[in-house]
Structure formats: structure tokens, C-alpha cells
2 protein chains.
Amino acid sequence: MDSADDSSLGPLTEGGPSAGFLDDGKNTIGSQLASRLREAIISGELEAGSKINLDKARKTFNVSLSPLREGLARLISDGLVEFQDNRGYRVAPISLANLEEVTSLREELEVFALRESIRLGDVEWEGNIMRALHRLNRTERDAARPETLEQWEALHREFHLTLISGCGKPLLLHFCSLLLNLNDRYRRVFLIRTSGDRNVGQEHSEIAQGAVARDVDYACEKLRQHIHRTGTNLRNHLATKGIA
Amino acid sequence: MDSADDSSLGPLTEGGPSAGFLDDGKNTIGSQLASRLREAIISGELEAGSKINLDKARKTFNVSLSPLREGLARLISDGLVEFQDNRGYRVAPISLANLEEVTSLREELEVFALRESIRLGDVEWEGNIMRALHRLNRTERDAARPETLEQWEALHREFHLTLISGCGKPLLLHFCSLLLNLNDRYRRVFLIRTSGDRNVGQEHSEIAQGAVARDVDYACEKLRQHIHRTGTNLRNHLATKGIA
DNA sequence: GCTTGACAAATAATCGATTATTTTGATACT
DNA sequence: AGTATCAAAATAATCGATTATTTGTCAAGC
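Since the model is a prediction, treat every value here as computed from it, not as a measurement.

(A) Looking closely at the overall build of chain A. Regarding its fold elements, chain A presents nine helices and three strands. Secondary structure elements of chain A occur, N-terminal to C-terminal, as α-β-α-α-β-β-α-α-α-α-α-α. Taking all 244 residues of chain A together, 45% fall into the buried category. Once local pairs closer than 6 in sequence are excluded, the contacts in chain A between residues at least 24 apart make up 78%. Of the roughly 11,700 Å² that chain A leaves accessible, carbon and sulfur atoms contribute 49%.

As C-alpha cells, this is what we get:
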């Protein structure tokens, strides 16, 4: 059953480009574990649906149960880990239905958040968008170099979160961040490259331009299409490669 | 997501109304603590914003740190507890801004979920709504008897969740359940009685009727108004009694 | 008077060991 | 052969004690 090779937990790398904003470097072991595990799951290093054996994980990470459970608990909040009393933890499975729900909810929530951001965002918010856009468009994804993929993923996530960061609704931002996590896992697991008929950089630019120009309908429609296309794209890959 | 999560009115009434298919409940100490703490927070027994001292809590509940942290971790997922590395836990604060966000998001998400439920729900879903409505309307809230308030709250929550239970979107249901929790805390903390110009029972009936009649626009509009009125009502009480 | 630093108390985080539950596997029985 | 039963192994949950960090206090120095 336990087809996920736990020995692959070994070479996990921390301290990536997304290392932190307010990170004092004084994190607890539980926090560090949460980060490492999150990255391992989103990157596909830990197979979707696989069981997480506490004892093996404990040895792999050289930690005790307490911080391990602590870290796993946070991933449950993120929707990346499932838990059952007395039966332990497992990596949240992926499925067509889940992908479609994530896409659908992103269309609903992220667009709503963008609408609110355009209504409420200030000049600093606009500036943050342009900066995030610029950094994203400046970064190329080179399938041959995995570190560029990770870099792009981090900046892409940053761009989308920045877009909606002006909405003034912390809970909504939390939901969107969570959905983005789930979505990114599908991309990193299934999608190396965007389909040829898309110019994703162009799409991002249009959304950003519409946002800072305060053109609600334009920006929201562009964002919705962007999310929808990504969903369709991912769905095709998922159907092609099959579900693990 | 949530493993064992149900209307758990801990010490008082057992054999609750919920028809349990997932009778997981209360296996581990951590689960029990999560339920007790959730109830304590939503009921206002634990003051919003107050610090949760692990050592005192450990003694209060006669448990060790491990299950205590376990339970608290779940409440973080619920948005009822906040956490900071090395600084421990505190009950999530309440505020006007938070209440308005909760109301706003409920209008957005719960209505969306109802729309999807009407589109996808089957006959069993319809039946569940009518049952939940009946039981809710049969239960009177008597301010003199707190147990009737708790009972009503449980049935009210059950009704709203049943309404949207046909949407086929587990994540969306999770979000809505979470928002309902947060919303109910405001009502219970501020010991609300509905304002005289409202007939809440009537409102519930109209929503339910519209739902089972598959009248999307009618049902959704009624639900939105219902949520909005509740929000306004709570806001007035919050403003009157002041924010802690 | 105010800040700074050292120290002590309070509190949180982690560990190693123990207890409880689930799963596995062998055996006996129909 | 299939199934029920029970013990052993695997795994999860919990505990008590220890370590690490933060917070509070007070005296020295500016």
C-alpha cells in the first residue's frame, strides 16, 4: 500500500527562494517541518494519497513526534494533509473532481477578491502589483533547470496574492491562498509547460493593467479566463497522465 | 479536512439531532478537547482575544500537553484560535471588521453553494432540507433556558449546512462551515434576540421552499437577505455593547 | 529619569518512554 | 475453501520530564 517511498523524504531542501518575509530564522522545529513538508507535497515529492508513517518520518527528519504532529497539523489547515483519529495522516489525494472544484472556487473567490481589491486598494497596492508582475515576467521557466521552475512558481503565487492583497478581507485571502496552494500542486505535478496557444505572460499583464487602471469588469474577466484556462489545461494533463 | 467534526454539545445533551453516518466522534483525547474548546469559544465561555495558557489549560482539563496542542491545532483550522511561534495560543479576537467580513463572505459563498446545490442536489437533499427546517421551526428559543438556545443553535447550523450540502464541493462546504462557526460565535456572545421586525422562522421557510422548488433566483435572494439581515442585526448589538 | 543588561520566573517546545489502538498473520473451525 | 478468533506486531496517542524561549524585574550606568 505504502507505495510512497519515504526514503525520498531525505534530500528535501529548505531555504528556497520563498524563504520568508518576516522570517526571523528562529522558527520552531514544528514550523520548519511544516514548510519542508508543504514544499514536499506541493512539489509532488510526497505522493498524493500516500500514507505518512509517523515513525519513519520521525527518523527521516530526526525529530520527535511532537513537532512532527505540529507540522502536520498545519498542513491539515492547508488542505494538503488528511487525518483520521487513530489512523494517522496521509497526503491529500488528487482527483479530477478536486481539481475542478479548486478551479471553480478560484474563479469565484479570487475574482471576488480582485473586485474588492480594485474597489479598496490604494496606490501602494497598485505599485506592489506592478512590481510583482515585472519580477514574474522577468523570470523564465526553463524545464531543464528545476530551480527556475520553483522560482517561477514562487513569483507566480506572489503575483496572484498581490493582486488580491488590497481586498481588506483576511479570511478571504486565507481561502485564496489555500486554493492557490492546492492548484499549484496540480501544476507542479502534472504540468511542465503551458500549452502553445497561451501566452501566460500576456495574460498576467492584462490582468495587472486592468487592475491598476481600476477597470473592474475587464480585470475580473481576464482573471477569470486565466484561471479557467489553467484549469482546463491541467485537466487535460491529468486526464492524459491518469490519476495515480 | 475535518475528521471528527459535528455538533458536539459536550456535557449536556447527548443523542443529538444529527443523523450520524460518520460516527467517528470523540475517539482521542485530542478530538474531545477540540470539541470542548470549540464549544467553549463559540459560546463565549472563553473570552475573545484572551490568551490561552497551556499550563493552566492542562490543569483545567486534566490532560497532557500533547492532546492539548492537538486540539488547539484543529481550532486554528477553524479560525477560532490564533497561534504564534514561541508565544502560544490565543482565542481569535472579534471585531466589527471581522463580523462584516464573515457576513460578506457568507453572502458570497453560502449563496454560491446554494445555487450549486439547487443545480445538483437530488431528492434526498430536498428531503433533508425539509426535515432540518421542520426540526428547526419546532424548536423555540427561550432565553430563560440556555439549553434551548444551544439546541436552537445546533439545529440552525444544521439547517444552513443542509441547504448547501448538495453542492458537491467539499472545500466550499468546509469554508461555509467555518464561516458559520465564526458567525454563530457573534450571535451567542452577544446573546442576540432577533429584532422585532423579523420573522426568522418565516425566512428559513421561504429559503427552503425556494430551494426544493428549484427556484434558484428566489431561494438565493432570500438566503442573501437572511444572511445580510443577521449581519446587520449583529452589527448593531456589537456596536451597542462595544468591542472588547 | 531613562535605558540597558543580567538574572529569575513563566511559559512554550521538544524529547524519550509508556500506553492504547489498529493492523497483520497464524490457527482452528465449519 | 472460506471465515472467525485471537495473539503478536505495527502504529498512533499520550504522558512526565527536560530543554529552549520569552517575559518580568531590578540594579547599574549614562
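(B) Summary view of the state of the cysteines. All names here are of chain B. Here the structure, examined in full by the defined rule, presents zero disulfides over all chains. With no disulfide of its own, C167 lies closest to C176 among cysteine sulfurs, the gap being 7.2 Å. Looking at C167, the relative accessible area reads 1%, which means it is buried.

(C) Inspection of the protein's contact with DNA strand D at higher detail. Surrounding DNA strand D, one finds 18 residues, the nearest of these being K51(A), R69(A), N86(A), I29(B) and S64(B). For DNA strand D, the fraction of protein-proximal atoms (within 4 Å) that sit in sugar or phosphate groups is 85%. Within the side chain of K51(A), an N or O atom sits 2.6 Å from a phosphate oxygen of DNA strand D. In the model, a sugar or linking oxygen of DNA strand D is placed 3.4 Å from a nitrogen or oxygen of the N53(A) side chain.

(D) Structural context of the pattern of salt bridges. Taken as a whole and assessed by the stated rule, the structure comprises 35 salt bridges over all chains. As a salt-bridge pair, E70(B) and R69(A) come within 2.9 Å of each other at their nearest N and O atoms. With E70(B) in helix α3 (residues 65–77) and R69(A) in helix α3 (residues 65–77), this residue pair bridges two chains. Accessibility expressed as a relative area gives 30% for R69(A), which makes it partly exposed. One connected set of salt bridges, linked through shared partners, spans D55(A), R58(A) and K59(A).

Parameters at a glance
Position numbers for residues count from 1 along each chain, tracking the sequence in the order it is written. Following the order in which they are written, the chains are lettered starting with A and the ligands numbered starting with 1. Reporting of local features is limited, given that this is a predicted model, to residues whose pLDDT is at least 70; pairs of side-chain atoms are given and counted only at 80 or more, and all residues count toward the totals for whole chains, interfaces and linings. Only hydrogens and water are removed before side-chain values are computed, so all heavy atoms of the structure are retained for them. Going along the chain from the N terminus, every DSSP run of H or I of four or more residues is numbered as a helix, and every run of E of two or more is numbered as a strand. Here the term buried applies to any residue with accessible area under 20% of the maximum for its type, exposed to any over 50%, and partly exposed to those in between, with areas from a 1.4 Å probe on protein chains only. Throughout, a contact is declared for two residues whenever any of their heavy atoms are within 4.5 Å. All accessible-area figures derive from a Shrake-Rupley calculation using a 1.4 Å probe, and residue coverage is judged against the displayed protein chains alone. We call a pair of cysteine sulfur atoms a disulfide whenever their separation is within 2.5 Å. Neighbouring residues are identified by heavy atoms, a residue being near a molecule or strand if any of them is within 4 Å of it. Within 3.5 Å is the distance limit for a polar contact, defined as a pair of N or O atoms, with the added protein rule that one can donate a hydrogen and the other accept it, and that residues adjacent in sequence qualify only through two side-chain atoms. A pairing counts as a salt bridge when a side-chain nitrogen of Lys or Arg comes within 4 Å of a carboxyl oxygen of Asp or Glu.

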